[in-house]
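A structural walkthrough
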Amino acid sequence: MTSANRDHDVNFDTASFPPLTNDLYLRTARGEPTERAPVWCMRQAGRYLPEFRAIRVENEFFKVCRSPALATEVTVQPIRRYTGLLDAAIIFSDILVIPQAMGLDVQMVPGKGPHLPEPLRSPDDLSRLTDKQSGYSVDRELDYVYKAITNTRHALNGEVPLLGFVGAPWTLMAYMVEGGGSKTFALAKSWLFKHPEASHELLSRIADVAAEFLVGQIRAGAQAVQVFESWAGELGPQDFATFSLPYLARIATRVKATYPDVPMTVFAKGAHYALEQLAKDTLYDVISLDWTIDPAVARSRVDAAVQGRRKVVLQGNLDPTVLFGDEQTIRERTREMCRAFGPASHIANLGHGMMPSHDPELLRVFLESVHEASSALRK
Ligand SMILES: Cc1c2[nH]c(c1CCC(=O)O)Cc1[nH]c(c(CCC(=O)O)c1C)Cc1[nH]c(c(CCC(=O)O)c1C)Cc1[nH]c(c(C)c1CCC(=O)O)C2
């Protein structure tokens, strides 16, 4: 693996990438039987890694996202540290690059998280968003992500597949209306009930951008993609069905129209009430679960919903805080998790992202435990 951390090292050639040597993730995502569950972790590139913090001391968050050489470097860091243990890399970027590309200012405030100084306060503010009539182009605005993906594909040298991603419409709308994170989502949720039409217009515009952006990421070299609906759990079943599911479904349908064979994952955190609909009414190959549902229950509900009409792979779902336990606890809980998912159609992951206070060596214990437990289950 080369370390492309100087600007003259970058390689934006999309015509020929190094051949992939570990395709366990892709085979599993396509529903094929495999020798063990592949494993990767949400937020595997991040502040829990000292080598990531070292880069961030010198470089503001969105500068890292916008510099292909830096984005490549931090994407590859966990692959390098956990040699042979991770089965996928995820491009270093953020879900909030879409609101930025649509014309909103987004800042990453240290210790606080995302901050949008001028959020959408009323439906009139939709006119502040850039649109195609004004000559706006998703591909031009987000070209820096495509370059980061292409360059990272070269730097990974075929060791593991590279995942692209986007934020889902409802989650992005929540940030765009709240102006940042929130405990109650009172502003964003009040839009749903006060301004349902404007909400649908906004969600629809975000979905169109997200679908085009994913197609562009795949064109640039992403080998699979994930859609993050991180705030799904703020909606109940009825509002999820109205304001989230149709847009998640639209994104998958659009991307599959261009790239039918590229695996797609949906992570609707907190929305396990919607497992059946996600399995039946969308084209996602993989449904990612948080830790609040028993994997065996999820498996049987999904199987009952699709009745053998298509293969649905499950991803997850160890509670990330288990990594605050000791080695033996992590090993036991990982083994139990693998057993509960069953001997096929499972991509091992955490139920949400790595946290800054996690110990990198305890993540290694999780990764090794997946390799051991999952291989043993399939012998
Ligand atoms: C909701 C969301 C965001 N961003 C993302 C989500 C969806 C996943 C989830 O539910 O966690 C997605 C995301 N953000 C980041 C990635 C990179 C790839 C990876 O997973 O390794 C991915 C896939 C980097 C990041 N995105 C962010 C960091 C930390 C910021 C830093 O380096 O200072 C990283 C590594 C910042 C970010 N970005 C966001 C928040 C809430 C924060 C602050 C969180 C915090 O402070 O811990 C929005």
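Look above for the structure.
For clarity, every value in this text was computed on a predicted model and none was experimentally measured. (Residues numbered from 1 in each chain as written. Predicted model: local features only at pLDDT ≥ 70, side-chain atom pairs only at ≥ 80, totals over all residues.)

What follows is about the packing of helix α2 (residues 50-58) against helix α4 (residues 68-81). Between two packed helices, the angle of one axis relative to the other and the distance separating the axes together describe the packing. Contact geometry for α2 and α4: axes closest at 9 Å, N-to-C directions at 165 degrees. As far as their axial angle goes, α4 and α2 are roughly antiparallel. Between α2 and α4 the crossing geometry is left-handed. Contacts between α2 and α4 involve Glu-51, Phe-52 and Ile-55 on the former and, on the latter, Leu-70, Glu-73, Val-74 and Gln-77. (Axes fitted to C-alpha atoms, helices over the stretch in contact; angles between N-to-C directions. Helix = DSSP H or I, 4+ residues; strand = E, 2+ residues; numbered from the N terminus. Parallel < 35°, antiparallel > 145°, perpendicular 65-115°, else oblique. Left-handed = near helix turned anticlockwise from the far one by under 90°. Contact = placed C-beta atoms within 7 Å.)

Our next topic: the site of the ligand. If you check the shell around the ligand, you find 22 residues, and the closest are Ala-45, Gly-46, Gly-113, Phe-228 and Ser-230. The class makeup of the residues in the shell around the ligand is 11 nonpolar, seven polar and four charged. (Near = placed C-beta within 6 Å. Nonpolar A, V, L, I, M, F, W, Y, C, P; charged D, E, K, R; others polar.)

Regular strands place their side chains on alternate faces of the sheet. With six of six residues buried, strand β5 (residues 224-229) lies mostly within the body of the structure. Judged from the five bridges that link them, strand β4 (residues 162-167) and β5 form a sheet pairing that is parallel. Pairing of Gly-164 across the sheet is with Val-225, part of β5. Relative to strand β6 (residues 264-268), β5 runs parallel, the two being bridged by five bridges. When the bridges of β6 are listed, Val-227 appears paired with Val-266. (Buried ≥ 20, exposed ≤ 12 C-beta atoms within 10 Å, placed from the backbone. Pairing = 2+ DSSP bridges.)

Right, let's get into helix α14 (residues 295-306). Look at α14: 16 Å from first C-alpha to last across 12 residues, which is about the 16 Å you get at 1.5 Å a residue. Listed as buried for α14 are Pro-295, Ala-298, Arg-299 and Val-302. Down the axis, α14 shows its buried residues gathered within 100 degrees of arc, on one side only. For α14, exposure combined with an orientation more than 90 degrees from the buried face picks out Ala-296, Ser-300 and Ala-304. A positive backbone phi angle near 50 degrees is found at Gln-307, which sits one or two residues after α14. (Expected span 1.5 Å × (residues − 1). Arc of directions from axis to C-beta.)

Right, let's get into the packing of helix α9 (residues 186-194) against helix α10 (residues 196-220). Orientation of α9 relative to α10, taken along the N-to-C sense of each, is 115 degrees, at an axis distance of 5 Å. On α10, the residues touching Trp-191, Leu-192 and Phe-193 of α9 are Pro-196, Ala-198 and Ser-199. Class assignment of the residues belonging to the contact of α9 with α10 gives a composition of five nonpolar, one polar and no charged.

Of all five residues that make up β6, five are buried, and the element is covered over most of its length. Going residue by residue along β6, you find Met-264, Val-266 and Ala-268 tucked away on one face and Thr-265 and Phe-267 tucked away on the opposite face as well. As paired strands, β6 and strand β7 (residues 286-288) are joined by three bridges and run parallel to one another. If you follow Val-266 over to β7, its bridge partner there is Ile-287. With helix α13 (residues 275-281) bridging β6 and the parallel β7, this β-α-β connection has right-handed handedness. (Right-handed = clockwise from strand over helix to strand, strands pointing away.)

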